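Topology and contacts: notes
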Amino acid sequence: MMALPGGRHLDSITLPGQRLHLMQVDSVQRWMEDLKLMTECECMCILQAKPISLEEDAQGDLILAGGPGPGDPLQLLLKRGWVISTELRRIGQKLAQDRWARVHSMSVRLTCHARSMVSEYSAVSRNSSKEMGQIEKLLMEKCSELLAVTERCLQVENEHVLKSMKACVSETLSMLGQHFGQLLELALTREVQALVRKIDASDNIYTTESTTGNLFSLTQEGAPLCRIIAKEGGVVALFKVCRQDTFRCLYPQALRTLASICCVEEGVHQLEKVDGVLCLADILTDDSHSEATRAEAAAVVAQVTSPHLPVTQHLSSFMESMEEIVTALVKLCQEASSGEVFLLASAALANITFFDTMACEMLLQLNAIRVLLEACSDKQRVDTPYTRDQIVTILANMSVLEQCASDIIQENGVQLIMGMLSEKPRSGTPAEVAACERVQQKAAVTLARLSRDPDVAREAVRLSCMSRLIELCRSPSERNSSDAVLVACLAMGIQLQVKKTKISALLWLLFWYVQGCSA
């Protein structure tokens, strides 16, 4: 029995034998005849919406086939929301191609999805607000308007008329998308509020663990949801968990969720308001916490000090705890038992060196150069280009200090940094290739800065650095086809020339650059 809009079903049509009795009542017969026609029209619309090309439409249908379970409003909203967003995008594409039959059939399907989302969410959620009810009404009105106008377009052949109607369809589609976005945001906000209240009020480990896990899953859906969580008090509730000894076993999970939320400025603002930096410093400096807990705290530090977030420059509370945090992170790098822990700690240090130059001086005093360079020889801690990217970032930022050069020479750092000029991806994935490019570029920048010291310049020449630079400039494949690496290598070559080393090699390097870097 197939359900249709308005609560009708296919098997509600009267059979011929049943209609004999109804012949005596004209009004009932007329109503039944009209109902049959209306149902058949709906059936045709449903049939038109069936995908012919699996390549294009199967994905959305498969998602619905494995729909959310009963009583799971969050998953329902996320899955239906994803499908409706996809349908809106596809309708826009078909509209641009003037494929009116597809636009109409997909509009029918969009309406079905929207109606299903509204009815299913109403069934599993608590009483909806007046504002949600109004937006639901506006959404369904726009869906009906879209159906009507696209159906009219099917019967129009005049191109000028179709052009004017196309603008009308586009405007209706835009308003529909706007109402859908508002409704989805309101519904998700409602569910996030319930989760946050549950975490805030819970004194049960299992309840808090489950609810925090649900909140973390939401953070993986993207920045918009992270903003909602931050706005609705998610950061406050999670730091409350991290300040209770009874929830110690949940610290890693809570901190991981906080790191995800703080990818948006709203999350960092909330962290600042609840003295989150002080809490992170307490966790990092407390050796009674597990390594996993301190590693997750380092991940939060790395997130809130990210140079990609302009708001991090105004974290006044961070300056007060920076020395404690930097000291704890260097210790975590030194004692890390795995590559993941070292990556999180070194990433936090790398971001802090961008955050404030004072951090570089602290790192020098803490012998961080020795710790980092020793780790480069430990495959258990440093085994990916992502980790080497963090290490060379720290070294590049520290290399502006004069004392840094002597420390690097003492730890045989020039040779290790030169080895990074040969960084190559293993898998060939875009992310790994990009990481290798960054390692090569920053290694060249680091060496260029350090070569201001004559001892470093001589050591670089002794290790055949110029030969490697020429090779990188001549062969795009050697530098992962990166122009940024090329520029960095040229800068390094110029710096070595200033120190009166290998002028002829530099001329060769410039020659290959002028020749377009061809062999």
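To be clear, the structure that these remarks concern was listed above.
Residues numbered from 1 in each chain as written. Predicted model: local features only at pLDDT ≥ 70, side-chain atom pairs only at ≥ 80, totals over all residues. Heavy atoms only, no water.

1. Things to note about the overall build of the chain
On a plain count of helices and strands, the chain comes out with 26 helices and 2 strands. Within the chain, buried positions represent 48% of all 519 residues. For the chain, long-range pairs separated by at least 24 residues make up 71% of all intrachain contacts whose partners lie at least 6 apart in sequence. Counting every atom, the chain has about 25300 Å² of accessible surface; 53% of that belongs to carbon and sulfur. (Helix = DSSP H or I, 4+ residues; strand = E, 2+ residues; numbered from the N terminus. Buried < 20%, exposed > 50% of the residue type's maximum accessible area, 1.4 Å probe, protein only. Contact = heavy atoms within 4.5 Å. Areas by Shrake-Rupley, 256 points an atom, 1.4 Å probe, with all protein chains shown as cover.)

2. With respect to the pattern of salt bridges
Within this structure, the stated rule accounts for 19 salt bridges. Asp378 is the salt-bridge partner of Arg381, the closest N and O atoms lying 2.9 Å from each other. The buried category is assigned to Arg381, whose relative accessible area is 10%. The exposure class of Asp378 is partly exposed, given its relative accessible area of 24%. Linking Asp455 and Arg458 is a salt bridge whose minimum nitrogen-to-oxygen distance equals 2.5 Å. With Asp455 and Arg458 both in helix 23 (residues 454-462) and 3 residues apart, the pair spans about one turn of that helix. (Salt bridge = Lys/Arg side-chain N within 4 Å of Asp/Glu carboxyl O.)

3. Observations regarding the side chain of Ser202
Structurally, the position occupied by Ser202 is in the loop between helix 7 (159-201) and helix 8 (205-219). Here the side chain of Ser202 touches Asn204 through a polar contact of 3.1 Å, landing on its backbone nitrogen. At a separation of 3.0 Å, a polar atom in the side chain of Ser202 contacts the side chain of Thr208. Setting aside anything within four residues of it in sequence, one finds Ser202 in contact with Thr207, Thr208 and Phe247. (Polar contact = N/O pair within 3.5 Å; in protein donor to acceptor, adjacent residues only side chain to side chain.)

4. What to know about empty space enclosed by the protein
One pass over the structure, following the stated rule, counts 2 cavities of 30 Å³ or more. Empty space within the largest cavity amounts to approximately 50 Å³. Lining the largest cavity are Leu77, Met117, Val118, Tyr121, Met132, Glu136, Leu183, Leu184 and Ala187. Elements supplying a minimum of two residues to the lining of the largest cavity: helix 5 (100-124), helix 6 (130-154) and helix 7. For the lining of the largest cavity, a count of residues per class yields 8 nonpolar, no polar and 1 charged. (1 Å grid on protein atoms, 1.4 Å probe; cavity = no way out; pocket = protein on both sides within 12 Å on 5 of 7 lines; lining within 4 Å. Points joined across faces, edges and corners; volume = space filled by probe spheres on them. Nonpolar A, V, L, I, M, F, W, Y, C, P; charged D, E, K, R; others polar.)

5. Describing unusual backbone geometry
Peptide bonds are, in most cases, trans, and in most cases residues other than glycine have a negative phi. Positive phi outside glycine occurs at Asp98, with the angle close to 60°. Checked against the element boundaries, Asp98 lands in the loop between helix 4 (73-96) and helix 5. One non-glycine residue with positive phi stands out, namely Asn480, at about 55°. Tracing the chain through its elements places Asn480 in the loop between helix 24 (465-474) and helix 25 (483-498). Classification of Asn480 as buried rests on a relative accessible area of 12%.

6. Some details on the packing of helix 13 (residues 276-285) against helix 15 (residues 316-335)
Relative to each other, helix 13 and helix 15 sit at 20°, their axes nearing to 9 Å. The pairing of helix 13 with helix 15 is recorded here as roughly parallel in orientation. With respect to the hand of their crossing, helix 13 and helix 15 are arranged in left-handed fashion. Only Ser317, Phe318, Ser321, Glu324, Ile325, Ala328 and Leu329 of helix 15 make contact with helix 13, whose side of the interface consists of Val277, Leu278, Ala281, Leu284 and Thr285. For the contact of helix 13 with helix 15, the residue count by class is 8 nonpolar, 3 polar and 1 charged. (Axes fitted to C-alpha atoms, helices over the stretch in contact; angles between N-to-C directions. Parallel < 35°, antiparallel > 145°, perpendicular 65-115°, else oblique. Left-handed = near helix turned anticlockwise from the far one by under 90°.)

7. Some points on helix 17 (residues 358-365)
Turning to helix 17, its buried residues are Ala359, Cys360, Met362, Leu363 and Leu364. For helix 17, the secondary structure elements touched by its buried residues are helix 15, helix 16 (339-355), helix 18 (368-375), helix 19 (385-398) and helix 20 (402-410). Looking one or two residues past helix 17, Asn367 carries a phi angle of roughly 55°, positive in sign.

8. What about the packing of aromatic side chains?
According to the stated counting rule, one finds 1 aromatic pair in the structure shown. Taking the centre distance of 5.0 Å and the plane angle of 75° together, the rings of Phe318 and Phe355 count as edge-to-face. Of this pair, Phe318 sits in helix 15 while Phe355 is found in helix 16, placing the two residues 37 residues apart along the sequence. (Phe/Tyr/Trp six-rings, centres within 6.5 Å; stacked < 30°, edge-to-face > 60°.)

9. Considering the side chain of Lys142
Counting through the fold element by element, Lys142 comes out in helix 6. Lys142 has contacts with Thr172, Met175, Leu176 and His179, leaving out every residue within four places of it along the chain.

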